[in-house]
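Each chain is listed here by its residues.
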Amino acid sequence: MFDPISFLIGGVICAMAVCEIVYYAYLTWTIVVNWFQDYEHLATQPNNVAATIKTKLDSGEHAVVQGIFNKKTADAVETRTVKYDQIDSNIGDAHRGSEVVIWQ
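These notes cover the structure that comes with them. (Residues numbered from 1 in each chain as written. Predicted model: local features only at pLDDT ≥ 70, side-chain atom pairs only at ≥ 80, totals over all residues. Heavy atoms only, no water.)

What about the overall build of the protein chain?
Applicable threshold: Strands here mean DSSP runs of E at least two residues long; helices mean DSSP runs of H or I at least four residues long; both are numbered from the N terminus. The buried label goes to any residue with under 20% of its type's maximum accessible area, the exposed label to any with over 50%, and the partly exposed label to all in between, with areas taken from a 1.4 Å probe on protein chains only. For the accessible areas, the method is Shrake-Rupley and the probe is 1.4 Å, while residue cover comes only from the protein chains on display.
On a plain count of helices and strands, the protein chain comes out with 4 helices and 5 strands. Scanning the protein chain from its N terminus toward the C terminus, one meets helices and strands in the order α-β-α-α-β-β-β-α-β. Across the 104 residues in the protein chain, those meeting the buried criterion constitute 40%. When the accessible area of the protein chain is evaluated, it comes to approximately 6,100 Å², of which 52% is carbon and sulfur surface.

Structure (structure tokens):
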């Protein structure tokens, strides 16, 4: 059986091929939180979890995959990939030590 983080990463990898890609030169905490608030109705369902995954794209660009994922199936419910040049310190701190952050 997979641990929850591996399960989410697998779901993200599948979702990256079909999710919206946006770009912010400077990705801020407010941008991330506002997107989650827009999808609060999905994020608060019992089987769902909100998460961000800091990654590097094949192109070498830095990105955060942000999404709502079903914990039981690891399916992506709603996702987007955010390419960025810089992230603010709050996002950097949240991801320090882990590429996956669960938002509650």
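Considering the packing of aromatic side chains
Going by this rule: Any two of the Phe, Tyr and Trp rings considered here, Trp counted by its six-membered ring, make a pair once their centres fall within 6.5 Å; the pair's planes then place it as stacked at under 30 degrees, edge-to-face at over 60, or tilted in between.
Considering all chains together, one arrives at 4 aromatic pairs under this definition. Taken together, a centroid distance of 4.9 Å and an interplanar angle of 40 degrees make the contact between W29 and W103 tilted. With W29 in helix α2 (residues 29-38) and W103 in strand β5 (residues 100-103), the pair connects residues that are 74 residues apart, well separated along the chain. Under the relative-accessibility criterion, W29 is labelled partly exposed at 33%. A relative accessible area of 17% means that W103 is categorised as buried.

Here's the deal with the environment of A63
Spelled out, the test is: Note on contacts: a residue pair qualifies if any of its non-hydrogen atoms lie within 4.5 Å across the two residues.
With respect to the helices, strands and loops of the structure, A63 is situated in strand β3 (residues 62-70). When its relative accessible area of 0% is taken as the criterion, A63 is described as buried. Sequence separation between A63 and Q86 is 23 residues; the distance between their C-alpha atoms is 9.7 Å. The contact partners of A63, leaving out residues within four places of it in the chain, are I53, K54, T55, L57, T81, V82, K83 and Y84.

With respect to α2
This is how it is decided: Directions pointing from the helix axis toward each C-beta atom define the arc.
Among the residues making up α2, those that are buried are I31, V32, W35 and F36. End-on, the buried residues of α2 take up no more than an arc of 130 degrees, which puts them together on one face. Across from the buried face of α2, at angles greater than 90 degrees, the exposed residues are Q37 and D38.

A short note on the pattern of salt bridges
To keep it simple, the criterion reads: Basic side-chain nitrogens of Lys or Arg form a salt bridge, by our definition, when they fall within 4 Å of a carboxyl oxygen of Asp or Glu.
Overall, the coordinates contain 2 salt bridges when judged by the stated rule. Measuring nitrogen to oxygen at the nearest pair gives 3.5 Å for the salt bridge that ties E61 to K83. With E61 in the loop between β2 (48-56) and β3 and K83 in strand β4 (residues 76-87), the pair connects residues that are 22 residues apart, well separated along the chain. Overall, the relative accessible area of 34% leaves E61 in the partly exposed class.

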